[in-house]
Amino acid sequence: MAPSFDHLPDPEEEDYDEDEELDFSDLRDRFEVQLEQGLDTFVVIDGLPVVTEETRPKLIKFLLRKLNAVGTTKDDSIHMPIGDDGKSHQFAFVEYTTPAEAVAACKALDQVQLDKKHQLRVNKLTDIDRFGKEGRIDEHYTPPKIDEFTEKEHLKAFIADPSGRGRDQFVMYKDDRVQVMWNNEKDPPETIVDRAHWTESFVQWSPQDFSPGEKYLTTWSNRPISIPEEGHPALTVEDDGKNYVIWDIETGKALRSFANIELPSNSTDEMGQPIKRKITWPAFKWSADDQYVARLTQGTSISVYELPKMGLLDKTTIKIEGVMDFDWAPATPRREGVKTYEQLFCYWTPEIGSNPAKVDRHSKSKKSLATSLEIFRVKEKGVPVEVVDSIKDTVINFAWEPKGDRFVIITTAEVVAPSAVPPKTSVSFYCPEKVKGNGVGNFKHIRTYDKKNSNAIYWSPKGRFVIVATVHSQQSFDMDFYDMDFEGEKAENEKDLTANLQLMATADHYGVTDIDWDPTGRYVATSASIWKHTMENGYHLYDFKGEQLREEPVEKFKQWLWRPRPATLLSKEEQKTIRKNLREYSKVFDQEDADRGASADLAVVEERRRLLDEWLAWRSRVEQDVREEREARGLPADPIAGLIKETDESENQVIEEIVEEIVEETEEIMP
């Protein structure tokens with residue numbers, strides 16, 4: 001259909017007015033480009049180097065690299081004033097396309113080093129205009145008032161034990177309440193914090209989502225981050241749509257954000273739709289020295305980022321086909337020619353002495369399976385591999401000794417499957433042979449305990465003591481406490497080994513789901529969480545020898561966590577001196593324990609003493625009153641004086657006593 005112009009005026013008509021203009025207001029409202037109003041898109045950059053008219057374009061070109069990293073601007077949108085002396089004033093005005101980009105520039109570029117001598121300070125122009133209005137700033141300098149110094153508590157004073165006994169804190173989550181308490185061994189714990197609705201899911205001490213040095217933090221949002229048009233106080237437009245953010249704890253700044261990695265589904269629902277896989281946590285793993293953080297893309301690669309700049313190391317990812325998991329070395333490696341971020345394995349010894357691998361070998365018929373343990377000695381030249389033992393059964397658990405070279409494995413000959421009845425298992429202990437010097441000898445089998453139901457291994461954080469237990473079971477709840485350095489007599493065939501294994505105690509906790517050692521290795525808490533079952537929820541407290549100290553049922557008990565201890569402030573020499581004089585310190589501690597035990601009923605003793613003192617005082621008053629009364633009546637002071645006949649001490653009295661004694665007794669049975 002052809003367009004119609006009937007609504008337009010005809011110039012040939014008598015009432016036609018040439019001065020009359022057509023009304024385009026409706027079209028203007030619909031299609032006019034809306035330009036940003038005001039000065040919200042402008043920022044002011046201070047701290048620039050001094051340049052001349054000739055060198056200004058070069059500086060502007062260099063600045064554009066940083067400015068365009070957070071928004072969009074051009075060289076003609078940068079105004080850098082030049083003074084009468086032909087030199088710049090070390091600041092510039094920059095115009096972005098949107099206010100959000102201006103806000104992002106202030107957050108991302110403020111205090112960024114331009115070079116070794118110059119640091120950028122970036123502020124919004126509207127902020128300078130608002131804070132610098134007439135009357136806001138006094139033209140005359142007034143020196144600030146400096147308050148007198150007052151000493152304050154240490155920032156970590158809340159960790160110090162006010163009793164001076166070196167107790168440890170723990171957090172307990174029950175029902176909707178979170179409690180932080182001091183451990184009092186056999187006595188009820190002392191509550192420090194008791195707060196309702198402090199968490200919606202679980203509690204966790206740092207450094208879990210924190211880096212090992214607690215310098216950085218990872219946060220995750222189920223919903224993608226949404227940055228409003230007016231900007232965000234901590235994030236930028238680049239973070240929009242992301243889920244993870246890595247933060248610098250000291251500055252509170254976001255270092256980099258990441259989106260979720262959608263993992264391919266390997267199962268479908270009833271409608272045939274793929275089931276979305278859960279995210280893996282932690283999504284980022286930190287190196288021991290806080291210099292790197294790495295992220296896994298299952299099946300393809302590992303991405304390593306350098307902190308704090310968060311740039312991809314070597315500008316590429318580490319391609320590993322089929323990779324499913326990785327871990328950093330638990331301490332900084334000391335091997336020449338090997339990059340720090342390449343120290344990635346599945347199981348590491350805590351001292352980076354060696355790394356084990358479990359290798360499953362099928363027979364030719366594929367019907368039988370044999371397992372061998374292979375130890376990679378990563379500290380030694382060429383990384384030699386030691387095959388420890390050939391194991392016919394399936395290995396279901398493995399754990400290195402913290403700060404040591406010994407390990408424990410749990411094996412089973414049965415098919416491992418979810419079942420109410422746990423499978424029969426065997427617990428085996430291994431340690432190195434004794435060698436001269438500081439080297440580690442070949443690993444040897446110490447002993448195996450058969451016909452067990454154990455499925456979990458819990459080493460003391462200080463090493464030596466280990467608990468092998470059955471958790472998450474409906475039938476068995478045994479917990480065996482072992483000492484790897486028992487001070488008793490050593491078996492003849494184990495004298496060349498670096499261990500003396502001894503079963504110290506066996507305990508039983510119905511429905512146990514979790515076992516947690518305290519950071520000193522002195523106490524261990526076992527708990528039954530309502531997250532797993534609703535029967536007899538609560539906790540037990542044991543010492544390292546397996547002696548039960550406390551048993552407390554807790555309704556709707558959920559979680560128990562010991563508070564990690566910060567690194568010691570003592571030097572190595574001071575620690576060595578303490579170990580050398582440990583017996584002297586032990587005497588003091590033993591006396592304190594004895595005094596504390598004696599004062600357990602101190603309140604009862606003091607009450608009895610008070611009552612006794614009151615009675616003695618009353619008796620003294622009564623005796624005094626009786627004496628005064630007898631004296632007033634002329635009676636003798638002693639009412640029984642003269643009633644007892646005095647006897648001559650020289651008289652001798654002979655008392656005879658007959659004692660019957662059986663010398664011999666014979667019994668005969670006559671026919």
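Our structure's up above, just so we're on the same page.
Residues numbered from 1 in each chain as written. Predicted model: local features only at pLDDT ≥ 70, side-chain atom pairs only at ≥ 80, totals over all residues. Heavy atoms only, no water.

A. Layout of the overall build of the protein. Within the protein, the regular secondary structure consists of seven helices and 31 strands. Taking all 671 residues of the protein together, the buried fraction comes to 32%. Restricting to contacts in the protein with at least 6 residues of sequence separation, those with at least 24 account for 48%. For the protein, the exposed surface amounts to about 46,700 Å²; the carbon and sulfur share of it is 50%. (Helix = DSSP H or I, 4+ residues; strand = E, 2+ residues; numbered from the N terminus. Buried < 20%, exposed > 50% of the residue type's maximum accessible area, 1.4 Å probe, protein only. Contact = heavy atoms within 4.5 Å. Areas by Shrake-Rupley, 256 points an atom, 1.4 Å probe, with all protein chains shown as cover.)

B. Expanded view of the packing of aromatic side chains. Counted under the stated rule, the structure contains 23 aromatic pairs. A network of ring pairs unites the aromatic residues Phe-398, Trp-400, Phe-407, Tyr-430 and Phe-443 as a single cluster. One cation-aromatic arrangement involves Arg-195 over Trp-198; the distance from NZ or CZ to the ring centre is 4.2 Å. For Lys-545, the ring lying beneath its charged end belongs to Phe-544, and the centroid distance is 4.8 Å. (Phe/Tyr/Trp six-rings, centres within 6.5 Å; stacked < 30°, edge-to-face > 60°. Lys NZ or Arg CZ within 6 Å of the ring centre and 35° of its normal.)

C. Molecular detail of the sheet that holds strand 27 (residues 514–517). A sheet is described by the order of its strands in space; here four strands give the open sequence 27-28-29-30, paired in antiparallel fashion. At either end of the open sheet lies a strand with only one pairing partner, and these are strand 27 and strand 30 (548–553). The sheet shows a mean angle of 15° between the axes of neighbouring strands, direction not considered. Judged from the four bridges that link them, strand 27 and strand 28 (residues 523–528) form a sheet pairing that is antiparallel. (Pairing = 2+ DSSP bridges. Axes fitted to C-alpha atoms, helices over the stretch in contact; angles between N-to-C directions.)

D. Inspection of helix 2 (residues 56–67) at higher detail. Spanning twelve residues, helix 2 covers 16 Å between terminal C-alpha atoms, matching the ideal 16 Å at 1.5 Å per step. On its buried face, helix 2 is in contact with strand 1 (42–46), strand 2 (78–79), strand 3 (91–95) and helix 3 (99–109). (Expected span 1.5 Å × (residues − 1).)

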